[in-house]
Amino acid sequence: MLEVAGLRKTFAGFVAVSDVSFTVETQQIAAVIGPNGAGKSTLFNLITGHLQPDSGTVTLDAKDITGVLPHQICRMGIGRSFQRTNIFPRLSVFENVQAAFLTHRGRGRDFWSRSETFYHADVEALLAQIGLLEHARSLAGTLSYGNQKQLELGLALASDPALLLLDEPTAGMSATETHDTIALIEKIAGERALTLLFTEHDMEVVFSIAQKIAVLHQGRLIADGAPQDVRNDPDVRRVYLGEH
Amino acid sequence: MNLSFLFSQFMGGLTAAMFLFLIASGLSLIFGVLRVLNFAHGSFYMLGAYMAWQVVHSLQPTGATFWLAAIGAAVGVAILGGIVERLLFRYLYGREELYQLLFTYALVLILGDAAKWTWGTQQLSVSRPAILNGGFEVFDTVVPYYNLFIILIGPTIALSVWLMLTRTSLGRMVRAAALDREMLDALGANVGWLYTGMFMLSAALAGLAGALVTPIQSIVPGMDVEIIVQAFIVVVIGGLGSFWGTFWGSVLYGQVLSFGILIFPGFSLFSVFALMAVILIIRPWGLFGRPIR
Amino acid sequence: MSALRTRFAGRIPWTLIVFLAALPVPWVGSRYDTFLATQIAIYALFALSLNLLLGLTGLVSFGHVAYFGIGAYVCGILMKTLGVPFIVAFPASGLGAGLFALVFGFFCVRLTKIYFAMLTLAFSQIVWAVCFKWNDVTGGDQGLPDVPFPDLHWMASLPGFGHFRIGEQFYFLTLVLVMLCVAALRRLSQSPFGRVLTTIRENPERAAFIGVNVRGYELAAFTAAGIFAGFSGALFGIFNRGVFADYVFWAKSADVMIMAILGGMNHFWGPAIGAAVLTILNQQITSITEYWPFFLGSILVILLFVFPGGILGALDAGWNRLVNRRHA
């Protein structure tokens, strides 16, 4: 489904991503791991159009989407969550998700109807699926950190993506929260037949659900394959020695 | 159009440029550190002019009166700036930029009326210091010594401030604060007083400029608004936050103003705003700023 | 319940209520009251148009007065110089202002924050400079005095309206037109389009990644705001019996922004309330002293430090505190 070939990005002399290539199959759960500064977020930004690559291509279902603008990429069926919680703080949880539905279903050009009447059932269904239904009327900015991350997942899902990119979905969470979040993600990925690509620091999480792992180090891909193979790869062991 | 005319236009443009630079440099400094465009900067300039006049008219006229007035104005305005920053402005730092901008505009309104109440609406003026009277002839035209003094003092102050920013540890802290205030705080530097100090320095520059302009221009209400718009234009052209950008922006602006009047007699007003718009459209970080997007 | 809840939705037909409340002024008040009410209505529309950018989309424009001025000049030139009837000149003003907003806005929305604000200011000053200098068309620094009133004689034949002079008749016309515009603005704010604008205000990066073409929407909002500002300008030119270049000076952009914030930019009606309060305060204070700027500045300082949500924001917070105390 997603193919990344020869991606390269430099920032004023610093090579953030260098010649990275890998593929993610449809409905696969894939993870990109690597120590801090390995270039994981940059890679995501290159895929979703927030950054233009210096060279290389990004292909979605055999269609070249390199450098396409973020809002267009979103419409092509890629959803994304961000590392720093990125929600609409002064809108209610309900309005956050509703806005995503409105945009996705092309209602944004409607100047005349009352926006509050749209998509109640769908919004509530999604909120129920991510476990935020009871907070529907609260302002998003007042939610706890964990709940905000759930909302962010909801926003990514509202655009009905086929491919979901999650940037550090369990960052800053306790062990229980992490477990719950990952269970939720896995369940939703199954229910919606999603292809998942996520980055993570927590190795336990990665090895528990990923079917394919790509390892980045200093901008370069040093390993790519099934979890068992990656776990036993000597390069990976060297890079991660002491990281656990 | 002959050499003499061109030269006098050129010198006129340079003089205007250096005045503008004195004012705009303070504006640029504050923007670089606090990320705020201080509308009240023009008010500091105007108060500097009024304070200088006040000093000159309160003391016995001697050779040194003018210089005392200039220094007094700079110091007085700096103190005012410090009070405003300490008591009011710093409580807005975490807030939206719009609130900070509006606060500086409120200051323009308040300080403008305060000046009007204190000194009235009559035009005031200050005579040139005796030591700088007269001028010298070159290319069949006279260049007043005072203008030359202004043309020289501009780069001198620019160099001093630039050296301070890049060579001293204080300057390093200022630049660090511009990049990451919290980090600097955590490192133990007293960021609060740093900001106050920078605000006061910027105000002092404006006040000094105001004092120094009094022999050339009369002091009138409205000079605060008139100058701040020009300072904005200069800072945008040169690059918001870029110190040397402000310098060269001032030079460019001075010449555009000087010669623009010849090309479009009625449209010099239009041409400077058009220049500002063009820069913002094709190169928003100014001629010398660092590219942002 | 949080005091920050953005109040743009609602079921009560406030527009109609406000219209009906404002309608009787010429009957119950003096000619001066009608004069003031006309001015308030016009500024309310101007401030509400700005809030489409400021409160709804999060765009800080320092050059909004340009579109007010363009509307005023278009209407004034059409009606005075070319003798065009009001019924054509009025829509033309909105269209003209909207056109300029579209062109200027195209360049402005490519920038963010302070750069956006500076470019809106630059364009506004260019408009001012042109109006100030183009003697043949705009009258230059003399402006366009004696812009004619529209032909409202027919109003005298309506029952109960017979005793009104042109001032009151114009008030009725203004009120109807302003309320129609306000109704449209309210509709816009509560529509899905308006909802998308709030996402841009809250988090432009995230908005892009739910599929919003941020620049496109910002341009649409900018143009719409320009159109309504143009309408208010057209009315003002007639009301003021003339169009002059200093209406387009940037200080007026600051005034209208203060109105929006005074009333509360997080509430739909905030700017209208701010316009009313500020206009009345201005009249009262300038009749006693010449130091109105000092008062305006002080009000602004108090607003910024104590009541950042404006009047409606403060009322909202007070109401919430009352409700919570009752439930405690």
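Residues numbered from 1 in each chain as written. Chains lettered and ligands numbered in written order. Predicted model: local features only at pLDDT ≥ 70, side-chain atom pairs only at ≥ 80, totals over all residues. Heavy atoms only, no water.

**Q** Describe the overall build of chain A, listing the residues and the values that go with them.
**A** A count of helical and extended segments in chain A gives nine helices and ten strands. Along the longest, intermediate and shortest principal axes, the C-alpha atoms of chain A span 60 × 40 × 35 Å. When each of the 244 residues of chain A is scored for burial, the buried share is 56%. Sequence-distant contacts in chain A: of pairs separated by 6 or more residues, those separated by 24 or more amount to 65%. For chain A, the computed accessible surface area is about 10,400 Å², with 49% contributed by carbon and sulfur atoms. In chain A, 21 side chains carry a positive charge and 28 a negative one; their mean positions are 6 Å apart. (Helix = DSSP H or I, 4+ residues; strand = E, 2+ residues; numbered from the N terminus. Buried < 20%, exposed > 50% of the residue type's maximum accessible area, 1.4 Å probe, protein only. Contact = heavy atoms within 4.5 Å. Areas by Shrake-Rupley, 256 points an atom, 1.4 Å probe, with all protein chains shown as cover. Lys, Arg positive; Asp, Glu negative; His and termini not counted. Charge placed at Lys NZ, Arg CZ, Asp CG, Glu CD.)

**Q** Give me helix α1 (residues 14-22) of chain C: which residues, what numbers.
**A** All names here are of chain C. Of all the residues in α1, the buried ones are T15, F19 and A22. The arc that holds the buried residues of α1, viewed along the axis, is 70°, so those residues lie on one side. Opposite its buried face, α1 presents the exposed residues L16, L20 and A21, each directed more than 90 degrees away. Next to the buried residues of α1 lie α2 (25-28) and α8 (166-190). (Arc of directions from axis to C-beta.)

**Q** Go over the side chain of T104(B), please, and point to the residues and values.
**A** Residues and elements named next belong to chain B. Tracing the backbone shows T104 in helix α4 (residues 97-119). Within the structure, T104 has its side chain in polar contact with the backbone nitrogen of F39 (distance 3.2 Å). In contact with T104, other than residues within four places in its own chain, are V36, L37, N38, F39, A40 and F89. (Polar contact = N/O pair within 3.5 Å; in protein donor to acceptor, adjacent residues only side chain to side chain.)

**Q** Give a description of the interface of chain C and chain B that names residues and reports values.
**A** Contacts between chain C and chain B engage 42 residues on the former and 39 residues on the latter. Roughly 3,800 Å² is buried in total at the junction of chain C and chain B, and carbon and sulfur atoms are behind 81% of that figure. By the criterion of area lost to chain B, the three top residues of chain C are Y115(C), L304(C) and F305(C), representing 17% of everything that side buries. Counting the contacts that link chain C with chain B gives two salt bridges. Close ionic contact of K113(C) with E97(B) constitutes a salt bridge, the shortest N to O distance being 3.9 Å. Going through the elements one at a time, α6 (113-133), α12 (250-263) and α14 (292-306) of chain C are the ones with two or more residues in the side of chain C that touches chain B. With 15 residues, the single largest contributor to the side of chain C that touches chain B is α6(C). (Buried area = accessible area lost by both parts, 1.4 Å probe. Salt bridge = Lys/Arg side-chain N within 4 Å of Asp/Glu carboxyl O.)

**Q** Outline the sheet that holds strand β4 (residues 55-60) of chain A, supporting the account with residue identities and numerical values.
**A** All names here are of chain A. Strands sit in the order β2-β1-β4-β5 across an open sheet of four strands; the sheet is antiparallel. In the strand order of this sheet, the two ends are held by β2 (14-24) and β5 (63-64), each with one partner. Of the strand pairs in this sheet, strand β1 (residues 2-11) and β2 are connected by seven bridges, and their pairing is antiparallel. When the sheet's bridge partners are listed, V4 is paired in β2 with F22. Of the strands in this sheet, β1, β2 and β4 touch helix α1 (residues 40-47), which is tilted by about 115° from β1. (Pairing = 2+ DSSP bridges. Axes fitted to C-alpha atoms, helices over the stretch in contact; angles between N-to-C directions.)

**Q** Help me get a handle on the pairing of strand β10 (residues 220-225) of chain A, residues and values and all.
**A** All names here are of chain A. Strand direction decides the pairing type here: strand β9 (residues 212-217) and β10, joined by five bridges, are antiparallel. Bridge pairing links L216 to L221 in β10. The hairpin formed by β9 and β10 contains two residues between the paired strands, and Q218 there has a positive phi angle of roughly 50°.

**Q** Explain the environment of V55(B) to me, using residue names and the numbers behind them.
**A** Checked against the element boundaries, V55(B) lands in helix α2 (residues 41-58). Considered as a pair, V55(B) and A70(B) are 15 residues apart in the sequence and their alpha carbons are 8.7 Å apart.

**Q** How would you explain the packing of helix α3 (residues 31-57) of chain C against helix α13 (residues 270-286) of chain C if you had to name every residue and give the values?
**A** Residue and element names in this part refer to chain C. Taken N-terminus to C-terminus, the directions of α3 and α13 make an angle of 135°; their axes are 8 Å apart at the nearest point. The orientation of α3 relative to α13 falls into the category oblique. Crossing of α3 against α13: the hand is right-handed. Contact residues: α3 offers Y32, F35, L36, Q39, I40, Y43, A44, A47, L48 and N51, while α13 offers P271, A272, A275, A276, T279, I280 and Q283. Looking at the contact of α3 with α13, its residues break down into 13 nonpolar, four polar and no charged. (Parallel < 35°, antiparallel > 145°, perpendicular 65-115°, else oblique. Left-handed = near helix turned anticlockwise from the far one by under 90°. Nonpolar A, V, L, I, M, F, W, Y, C, P; charged D, E, K, R; others polar.)

**Q** Describe the confidence of the model for chain A, listing the residues and the values that go with them.
**A** Of the residues in chain A, 98% have a pLDDT of 70 or more, and the chain-wide mean is 84. Per-element confidence in chain A is highest for helix α3 (residues 93-104) of chain A, whose mean pLDDT is 91, and lowest for helix α9 (residues 234-240) of chain A, whose mean pLDDT is 75. (pLDDT = per-residue confidence, 0-100.)

**Q** Kindly report on the pattern of salt bridges, identifying the contributing residues and their values.
**A** Enumeration over the complete set of coordinates arrives at 13 salt bridges over all chains. In this structure, R206(C) and E152(A) form a salt bridge, with 3.7 Å as the shortest nitrogen-oxygen distance. Of the two residues, R206(C) sits in helix α10 (residues 204-208) while E152(A) sits in helix α5 (residues 145-158), which places them in two different chains. Each member of the pair, R206(C) together with E152(A), is buried. Across the pair D224(A) and K212(A) runs a salt bridge whose closest N-O atoms are separated by 2.8 Å. Of this pair, D224(A) sits in strand β10 while K212(A) sits in strand β9, and the two are twelve residues apart along the sequence. Judged by relative accessible area, which is 36%, D224(A) ranks as partly exposed.

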